[in-house]
Amino acid sequence: MNSFHIKFINEAHNIAEKKFGTTFPNPVVGCVIAKNGKFISKGVTNKSGRPHAEEVAIKKAGKKAKGATMYVTLEPCFHNSPEGSCTDQILRSGIKEIFISIVDPDPRTNNKSINKLKHNKIKVYKGINKNRTFSVNKFFFESLKNKKPYTKVKMAISHDEKIAWSDYKSKWISNVKSREYAHKIRFCSQAILTTAKTIAKDNPRFTVRLNGKIIKHVPIIVIDKDLKISLDSKILKDIHKKRIIIFTSRQNNKFIKLKQIGCEVIHLKKTKNKYFNLKNIFNIIYKLKISDILVEAGGTFLSNLIKNNLVNELHIFKASFNIGQEGKPLLLNKKLYEIKKKLIEKRKFHDNYYYKYFINK
């Protein structure tokens, strides 16, 4: 294969990766159009999901698209849009060949676009750098396959795997650099999942901040069985700027008030042991078009998620000091090494270490 084909498909991936975290629930896709080894145009999925990368690149290319080659990180869509499917737009543009990194698993498109392009005499090459597309959009492929959101858990722990002192009076375990990186993880998440207990203990804002300034409001999902959330909680202060979903078993005056101020309050029945069915909640979250969540909660909740096989990634920021036996543990009756996992990334932030794991199931 000519080196310029690799160059252009890599550029399509580069522009997609730079925009990751801005296109939820859609995957982020990059597209480049070139002719005779020379660049013509490029496009990336819009923040709202539309227009798609191919639409943007074709519009920029105009008449120059005729006889050109397209490089795209995901199979072009087959379903309708205001301008027709991406496949139909490619056919109208005069593109003569297309390099596709990976087939779209969405049943609305899956191989349909590729077959139609081939049927219309367009040369199709697929599979180039497909692992790169899968890696950046792992939430999309995994959530579509499993019908539940791709779930990441972020935790700051001491060297002896504690998440807080016994009186919960500590605020930070991780250092400033670790917290800066944690905000990048938050930025690249579609929603945050937490518990009423975490809100009561920490009263977090759950915003994405850069240099102390709010740059993004992330949707927040709260599991609040007994509806203990305070109406003065910080997450409710700017509710008009973000989506807040609360799962509860109560239907009282607070339930009504929370709905009045703009929360989506979902009533669920408890199980026989007076808890919620977490798998059921995750199925509901997926149906709410949330495919990627970051869990920011305590050790009890993490233990329950692990027990129910609901964790895909674990992000650990580990400090150098010990808290001691009286501290609150990362996991109940278990150590981190006992979880089946694969280390994907390791970084150092001054005296903190960051570990990213994929959880083996």
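Rules used in this analysis
- All chains use their own residue numbering, which begins from 1 and follows the written sequence.
- With the structure being a predicted model, the display of local features is reserved for residues of pLDDT at least 70 and the display and counting of side-chain atom pairs for 80 or more, all residues being used for whole-chain, interface and lining totals.
- Derived side-chain values reflect all non-hydrogen atoms in the structure, with water molecules and hydrogen atoms excluded from consideration.
- The numbering of helices and of strands both runs from the N terminus, where a helix is a DSSP run of H or I of at least 4 residues and a strand a run of E of at least 2.
- Remark: exposure states derive from per-residue accessible area (1.4 Å probe, protein chains only) relative to the maximum for the residue type, with buried under 20%, exposed over 50%, and partly exposed in between.
- Pairs of residues are marked as contacts when any of their non-hydrogen atoms sit within 4.5 Å.
- Methods summary: accessible areas were calculated by the Shrake-Rupley approach with a probe of 1.4 Å, and residue burial reflects only the protein chains presented.
- The charged-residue count follows a simple rule in which Lys and Arg add positive charge and Asp and Glu add negative charge, with His and chain termini not counted at all.
- Every charge is mapped to an atom, namely NZ of Lys, CZ of Arg, CG of Asp or CD of Glu.
- Two strands form a pair only when DSSP identifies at least two bridges running between them.
- To get an axis, a line is fitted to the C-alpha atoms, and for a helix only the part in contact is used. The angle between two axes follows their N-to-C directions and goes from 0 to 180 degrees.
- In protein, a polar contact requires one atom able to donate a hydrogen and another able to accept it; more generally it is a pair of N or O atoms within 3.5 Å, and residues adjacent in sequence count only if both atoms are side-chain atoms.
- Definition used for salt bridges: Asp or Glu carboxyl oxygen within 4 Å of a side-chain nitrogen of Lys or Arg.

Trainee: How should the overall build of the protein be read in this particular structure?
Mentor: Helix and strand counts for the protein come out as 11 helices and 18 strands. Its C-alpha atoms put the protein at 70 × 45 × 40 Å along the principal axes. Buried positions account for 52% of the 361 residues belonging to the protein. Taking the intrachain contacts of the protein between residues at least 6 apart in sequence as the baseline, contacts between residues at least 24 apart amount to 69%. Of the roughly 18,500 Å² of accessible surface on the protein, a fraction of 49% belongs to carbon and sulfur atoms. Side chains of the protein give 74 positive and 28 negative charges; the mean places of these two sets differ by 2 Å.

Trainee: So what exactly am I meant to see when it comes to the sheet that holds strand 18 (residues 352-359) here?
Mentor: In a beta sheet, neighbouring strands pair by backbone hydrogen bonds and run either parallel or antiparallel. Across the sheet, which stays open at both edges, the 9 strands sit in the order 13-12-11-8-14-6-15-18-17 with mixed pairing between neighbours. Of all strands in the sheet, those bounded by a partner on one side alone are strand 13 (264-267) and strand 17 (341-349). Averaged over all pairs of adjacent strands, the angle between their axes in this sheet comes to 20 degrees, without regard to strand direction. Note: strand 17 against strand 18, 8 bridges, orientation antiparallel. When the sheet's bridge partners are listed, Lys 341 is paired in strand 18 with Ile 359.

Trainee: I would appreciate a short explanation of the side chain of Ser 85 in the present structure.
Mentor: Counting through the fold element by element, Ser 85 comes out in the loop between strand 3 (69-72) and helix 3 (86-93). Ser 85 sits in the buried class, given a relative accessible area of 2%.

Trainee: Got a minute to help me understand the sheet that holds strand 3 in this structure?
Mentor: The mixed open sheet is built from 5 strands, whose spatial order is 2-1-3-4-5. Both edges of this open sheet fall to strand 2 (38-44) and strand 5 (123-126), since each of them pairs with a single strand only. When the angles between neighbouring strand axes are averaged without regard to direction, this sheet yields 15 degrees. Where strand 1 (residues 30-35) lies against strand 3, 4 bridges are found, and the strand directions are antiparallel. Each residue of the ladder has a partner; that of Val 32, found in strand 3, is Tyr 71. Helix 1 (residues 3-18) rests against strand 1, strand 2, strand 3 and strand 4 (97-100) of the sheet, and its axis sits at about 150 degrees to strand 1.

Trainee: How should I be thinking about the environment of Ser 101 in this particular structure?
Mentor: For Ser 101, the position within the fold is in the loop between strand 4 and helix 4 (112-119). Between the alpha carbons of Ser 101 and Phe 134 there is a distance of 9.2 Å; along the sequence they are 33 residues apart. Reaching out from Ser 101, the side chain makes a polar contact with the side chain of His 13 at a distance of 3.4 Å.

Trainee: How should the environment of Asn 333 be read in this particular structure?
Mentor: As for its position among the elements, Asn 333 is in the loop between strand 16 (328-329) and strand 17. Taking the C-alpha atoms as reference points, Asn 333 and Phe 301, 32 residues apart in sequence, are found 13 Å from one another.

Trainee: Quick question: what am I supposed to make of the pattern of salt bridges here?
Mentor: Once their charged atoms are close, side chains differing in charge can pair, the charge on each being opposite to the other. One pass over the structure, following the stated rule, counts 15 salt bridges. Ionic pairing is found between Arg 50 and Glu 55, a salt bridge with its closest N-O pair at 3.0 Å. Among the residues examined, Arg 50 registers a relative accessible area of 25% and is labelled partly exposed. When its relative accessible area of 9% is taken as the criterion, Glu 55 is described as buried. When the shortest N-O distance is used, the salt bridge between Lys 177 and Glu 180 registers 3.7 Å. Taken as a pair, Lys 177 and Glu 180 lie in helix 7 (residues 176-187) at a separation of 3 residues, close to a single helical turn. Each of Lys 154, Arg 186 and Glu 296 takes part in salt bridges that share partners, so that together they form one network.

Honestly, that's just the spatial picture; any functional story needs more than this.
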